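Given next are the chains, with one letter for each unit.
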Amino acid sequence: LFGNLDEGEELHRDEGEKFGIRYLALAHRQIGRQMDPFTVEYTPASPRDFMYHDSEEFFVLLEGELVYYICDDATKKTLHAGDTIYLQANVPHRVELTAECKKAKGLIIYAEPK
């Protein structure tokens, strides 16, 4: 199935709008998929609490800068365009824009649990 990063279907999930996060589902038309790819756009907003899910996650930052927290506020890394992260299922995490960045965009691929 062919597509484009800008042609996703907007999805309202996890109160994303409240936290400046916009999700675009890229494979919403694919029936029986085992992966869920999204583009996600970040704009300034209140910080979000840690969240986790029962799927593995691959993340690549396409543009901007984010601080990516894993498990707690002390374990963090500043991500720049091109940086990636792979998370196992059920690992608490959250992201926020760096102080200098006003917009960021990433690609997330969730793998359905087996």
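Going by the structure above, here's the rest.
Residues numbered from 1 in each chain as written. Predicted model: local features only at pLDDT ≥ 70, side-chain atom pairs only at ≥ 80, totals over all residues. Heavy atoms only, no water.

As for the sheet that holds strand S5 (residues 65-70)
Backbone-to-backbone hydrogen bonds join strands into a sheet, with any given pair of strands oriented parallel or antiparallel. Spatially, three strands are ordered S6-S5-S8 in an open sheet, and the strand pairing comes out antiparallel. The sheet terminates laterally at strand S6 (76-80) and strand S8 (93-97), the two strands that pair on one side only. Across the sheet, the mean angle separating the axes of adjacent strands is 25° when strand polarity is ignored. Both S5 and S6 contribute to a ladder of five bridges, which runs antiparallel. Across the sheet, Tyr 69 pairs through a bridge with Lys 76, a residue of S6. (Pairing = 2+ DSSP bridges. Helix = DSSP H or I, 4+ residues; strand = E, 2+ residues; numbered from the N terminus. Axes fitted to C-alpha atoms, helices over the stretch in contact; angles between N-to-C directions.)

Some words on the packing of aromatic side chains
A complete count under the given rule lists three aromatic pairs for this structure. Ring plane angle 80° and centroid distance 6.2 Å describe the contact between Tyr 23 and Phe 38, whose orientation is recorded as edge-to-face. One end of the pair, Tyr 23, is in strand S2 (residues 21-25); the other, Phe 38, is in strand S3 (residues 35-42), and 15 residues separate them in sequence. Accessibility classification places Tyr 23 together with Phe 38 in one group, the buried group. Every member of this aromatic cluster is reached through a ring pair, and the members are Tyr 23, Phe 38 and Tyr 110. Between the NZ or CZ atom of Arg 94 and the centre of the ring of Phe 50, over which it lies, the distance is 5.3 Å. Over the ring of Tyr 69 we find Arg 94, and its NZ or CZ is 4.0 Å from the ring centre. (Phe/Tyr/Trp six-rings, centres within 6.5 Å; stacked < 30°, edge-to-face > 60°. Buried < 20%, exposed > 50% of the residue type's maximum accessible area, 1.4 Å probe, protein only. Lys NZ or Arg CZ within 6 Å of the ring centre and 35° of its normal.)

Observations regarding the nonpolar core
Counting 21 residues, the largest nonpolar core has Val 40, Tyr 42, Phe 59, Leu 66, Tyr 68 and Ala 104 as the members making the most contacts within it. When contributions to this core are tallied by element, the ones reaching two or more residues are S2, S3, strand S4 (56-63), S5, strand S7 (84-87), S8 and strand S9 (104-111). Ignoring sequence-local partners within four residues, the contact set of Leu 66 consists of Tyr 42, Phe 59, Leu 61, Lys 77, Thr 78, Leu 79, Val 95, Glu 96, Leu 97, Thr 98 and Ala 104. (Core = buried A, V, L, I, M, F, W, Y, C linked by side-chain atoms within 4.5 Å. Contact = heavy atoms within 4.5 Å.)

Remarks on the sheet that holds strand S1 (residues 9-11)
Taken in spatial order, the six strands of this open sheet run S1-S2-S3-S9-S4-S7, and their pairing is antiparallel. The open sheet has two edge strands, S1 and S7, and neither has a second partner. Strand-to-strand twist in this sheet, taken as the mean axis angle between neighbours without regard to direction, amounts to 25°. Here S4 pairs with S7 via four bridges, running antiparallel.

Some thoughts on the pairing of S4
Here S4 runs beside S9; their pairing, made up of seven bridges, is antiparallel. When the bridges of S9 are listed, Glu 63 appears paired with Lys 105.

Here's the deal with the pattern of salt bridges
Inspection of every chain in the model, using the stated rule, returns five salt bridges. Note that Asp 73 is salt-bridged to Arg 94, the shortest N-O span being 2.8 Å. Residue Asp 73 is located in the loop between S5 and S6, and its partner Arg 94 is located in strand S8; the two are separated by 21 residues in the primary sequence. Relative accessible area serves as the criterion here: at 47%, Asp 73 is assigned to the partly exposed category. What emerges from the salt-bridge pattern is a single network uniting Glu 10, Arg 22 and Glu 41. (Salt bridge = Lys/Arg side-chain N within 4 Å of Asp/Glu carboxyl O.)

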